[in-house]
Amino acid sequence: MSVAELEAREIALERPSGLWHDAWHRLKRNPGAIVGFVLVLSFVLVAVFAPVLAPYDPRRQGLEGALGSSGPSLDHPFGLDQLGRDQLSRIIFGARFSLLIGIVSVAVGLSVGLVLGSIAGYIGGFVDTVIMRLMDVMLSIPGLLLAIGIVAMLGPGLTQIMVAVGATQIPIFARLLRGSILAQRENDFVLAARAVGVPRRTILASHILPNAISPVIVQGTLALATAIIDVAGLGFLGLGPQDPSTPEWGTMLTDTTRYLQTAPYLALIPGAAIVMSVLGFNLIGDGLREALDPKLRGRG
Amino acid sequence: MLRFVVRRLLLLVPILLGLSLLVFFWIRALPGGPAQALLGERATAESIAEIEELYGLDKPVHEQYFTYLGTVVKLDFGTSITSRRPVTDEIRERFPATIELALAAMLFSVLVGIPLGFVAAKRYGGVVDHLSLVGSLIGISIPIFFLAILLKYLFAVKLGWLPTVGRISVLIDVPHPTRFYVLDAIIAGNVEALVDTLKHLVLPAVALGSIPLAVIARITRAAVLDVQNEDYVRTARAKGLAPRVVDVRHVLRNALLPITTIIGLQAGLLLSGAVLTETVFAWPGMGTWLVDAIETRNFPVLQGGILFVALVFVLVNLLVDISYAIINPRIRYS
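Note that the structure is a prediction, hence the values are computed from the model and not measured.

What about the overall build of chain A?
Then, in step 1: When its secondary structure is counted, chain A shows 13 helices and 0 strands.
Then, in step 2: The helix and strand sequence of chain A, counted from the amino end, reads α-α-α-α-α-α-α-α-α-α-α-α-α.
Then, in step 3: Taking all 300 residues of chain A together, the buried fraction comes to 46%.
Then, in step 4: Excluding contacts between residues fewer than 6 apart, the proportion of contacts in chain A whose partners are at least 24 apart in sequence is 72%.

Overview of the interface of chain B and chain A
Then, in step 1: In this assembly, 36 residues from chain B lie in contact with 33 residues from chain A.
Then, in step 2: Sort the elements by how many residues they give to the side of chain B that touches chain A and helix α1 (residues 2-29) of chain B lands first, with 7 residues.
Then, in step 3: Grouping the constituent residues of the side of chain B that touches chain A by class yields 30 nonpolar, 5 polar and 1 charged.

Considerations on unusual backbone geometry
All names here are of chain B.
Then, in step 1: Backbone geometry places R84, a non-glycine residue, at a positive phi of 60°.
Then, in step 2: Position of R84 relative to the elements: it lies in the loop between α4 (61-73) and α5 (87-122).
Then, in step 3: With a phi close to 45°, A282 is a non-glycine residue in the positive phi region.
Then, in step 4: With respect to the helices and strands, A282 occurs in the loop between α11 (243-281) and α12 (286-295).
Then, in step 5: Take A282: there are 12 C-beta atoms within 10 Å of it, and that puts it in the exposed class.

Overview of the nonpolar core
Then, in step 1: If you look at the biggest cluster of nonpolar residues, it comprises 146 residues, and the most contacted ones within it are I161, I228 and V231 of chain A together with A148 of chain B.
Then, in step 2: When residues of this core are assigned to their parent elements, the largest contribution, 16 residues, is made by helix α9 (residues 191-228) of chain B.
Then, in step 3: Counting only domains with at least three residues in this core, you end up with domain 1 (2-73) and domain 2 (93-327) of chain B.
Then, in step 4: Once you skip the residues sitting within four places of it in the chain, I161 of chain A turns out to touch V151, V231, L234, L239 and G240 of chain A.

What about helix α12 (residues 249-256) of chain A?
Then, in step 1: Most of α12 of chain A is tucked away: 8 of the 8 residues are buried.
Then, in step 2: Here α12 of chain A has its buried residues at W249, G250, T251, M252, L253, T254, D255 and T256 of chain A.
Then, in step 3: Along its buried surface, α12 of chain A packs onto α5 (87-123), α11 (214-236) and α13 (265-292) of chain A together with α7 (144-158) of chain B.

Focus on the domain arrangement of chain B
All names here are of chain B.
Then, in step 1: Splitting chain B by domain gives domain 1 (2-73) and domain 2 (93-327).
Then, in step 2: Tallying the contact residues gives 14 residues for domain 1 and 12 residues for domain 2.
Then, in step 3: When residues in the side of domain 1 that touches domain 2 are grouped by element, the largest group, 8 residues, is from α1.
Then, in step 4: Residues of the side of domain 1 that touches domain 2, tallied by class, amount to 11 nonpolar, 1 polar and 2 charged.

About the criteria used
Residues numbered from 1 in each chain as written. Chains lettered and ligands numbered in written order. Predicted model: local features only at pLDDT ≥ 70, side-chain atom pairs only at ≥ 80, totals over all residues. Helix = DSSP H or I, 4+ residues; strand = E, 2+ residues; numbered from the N terminus. Buried ≥ 20, exposed ≤ 12 C-beta atoms within 10 Å, placed from the backbone. Contact = placed C-beta atoms within 7 Å. Nonpolar A, V, L, I, M, F, W, Y, C, P; charged D, E, K, R; others polar. Core = buried A, V, L, I, M, F, W, Y, C linked by C-beta atoms within 7 Å. Domains from an automatic or database assignment.

In structure tokens:
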């Protein structure tokens with residue numbers, strides 16, 4: 001057996017460590033990301049099992065504790081809200097709305113941004129210029145104002161604000177993906193695929209996109225956090241769900257601030273719920289950014 | 001340098017044209033069409049027809065666009081439905097209030113954020129570092145209006161240290177030549193008014209400045225950590241310069257570039273955040289004005305306000321770009 005063969009065998013024995021494999025290893029050692037995972041996981045579990053977990057119907061009103069006259073008790077650990085509804089049940093069901101809001105708005109921004117960004121990045125030329133100038137125009141309006149403008153056009157409501165918040169994220173994803181694709185387009189493996197005659201669409205879908213996607217995943221996680229905050233903000237401005245019984249955290253916070261003097265917990269609890277879910281996504285996003293950073297690969 | 005500025009100014013033209021197109025089509029997509037948007041929901045059929053003729057809404061779309069462009073270029077945004085006053089006049093009153101608030105918030109976040117990030121980097125892994133990390137994470141995760149409500153409740157309602165709403169106490173009378181109340185009080189030489197306006201500014205500025213503060217502190221920490229390991233810093237230390245001199249002249253000065261970049265990027269966030277902060281503190285700026293406009297479906301105000309804020313935002317970004325080019329010569333040649 002020659003030396004070359006021996007070396008080849010040794011190299012083959014080492015397990016190939018891909019980007020995702022490395023990233024997962026680094027993520028597991030990041031205490032912040034672990035806290036983020038725990039926060040988000042409990043948030044998702046609460047949202048999924050809301051009907052099982054909630055002790056009461058979140059929409060059932062009662063006069064016994066209305067206007068925050070009865071504080072937290074054993075029966076109602078988070079007290080009763082201004083209409084005598086069980087606050088704990090509303091918080092539990094609210095997790096569903098917040099999760100839905102986050103996912104739908106990011107899905108809107110991500111899918112449209114992804115399509116526009118990949119077209120711009122891969123085709124280039126005039127198409128690229130038109131798309132990117134349009135994105136620049138959208139970015140020239142501060143996010144919340146753009147969302148307000150869209151809601152003014154569509155009318156208030158939960159679906160409308162999700163679309164509006166999603167729309168404000170389109171240019172961010174489009175820019176990110178275009179930049180990422182431009183960087184990948186000139187790689188050797190793309191040239192090789194082109195040389196053997198792989199169709200353009202297949203090159204984009206199976207060679208370029210998978211390699212350009214990691215910054216998009218990081219941005220997507222952070223965007224979930226921003227979306228929850230922005231939707232709560234629009235709810236605070238009175239543009240949220242038009243059915244006042246909807247247990248949405250932003251609207252719950254807005255409706256109870258006037259009882260801050262007599263029953264501060266009514267506003268503090270939904271506020272804390274928003275902060276914790278947003279914090280969870282931010283921590284995971286930060287952790288992913290560090291874990292997927294190619295510059296840090298191979299460390300640890 | 002001049003070439004760089006001219007090139008950036010020329011790049012503004014397509015953005016502004018695109019912006020005007022976007023707003024133009026936005027007005028046409030509003031429920032009930034532009035004439036009804038201008039006149040309000042209770043407009044009669046005759047008055048709608050009158051407005052459509054007056055503004056040429058019966059003409060082809062491209063003609064309409066050029067007419068529209070003509071009025072917007074003259075900064076004529078029409079008349080507010082509720083007050084019946086020109087939108088431009090209202091902007092003139094409202095805008096200084098928002099700028100004063102945004103500047104105060106920026107000042108707060110820079111004056112606290114840079115030293116905090118610097119100390120965190122110097123004591124890397126220490127108590128201050130960990131505390132500032134946790135603090136800044138919470139800072140970017142808390143909805144700005146929630147923080148504003150908490151601050152207002154604690155410092156204005158419970159402790160009574162600071163006023164709850166507005167820019168100045170009702171009983172204080174000062175002329176307002178600039179409409180920047182702090183400046184007005186200084187011009188009038190009225191110490192009582194100055195103290196009063198500053199007191200009104202504290203809570204909104206702290207609330208609005210919280211996110212930029214968190215971001216600036218994080219970036220400063222990262223930048224200082226980066227620069228600290230550079231060869232020139234080691235050289236400076238090796239040749240026996242006082243630690244303070246190295247910190248200021250070598251570390252902080254070189255760390256300043258990413259910090260200024262991030263400060264510039266906060267401009268849009270401040271304008272968005274101002275809408276929410278102003279609502280909590282009843283601050284008579286652009287934010288409360290726009291929120292009122294949504295509630296009353298006051299479309300001329302919404303249109304003028306959004307267009308104007310976008311214009312300001314674009315110009316601020318231009319100024320930021322130019323200032324980078326001054327700070328960092330490498331940008332000019334790329």
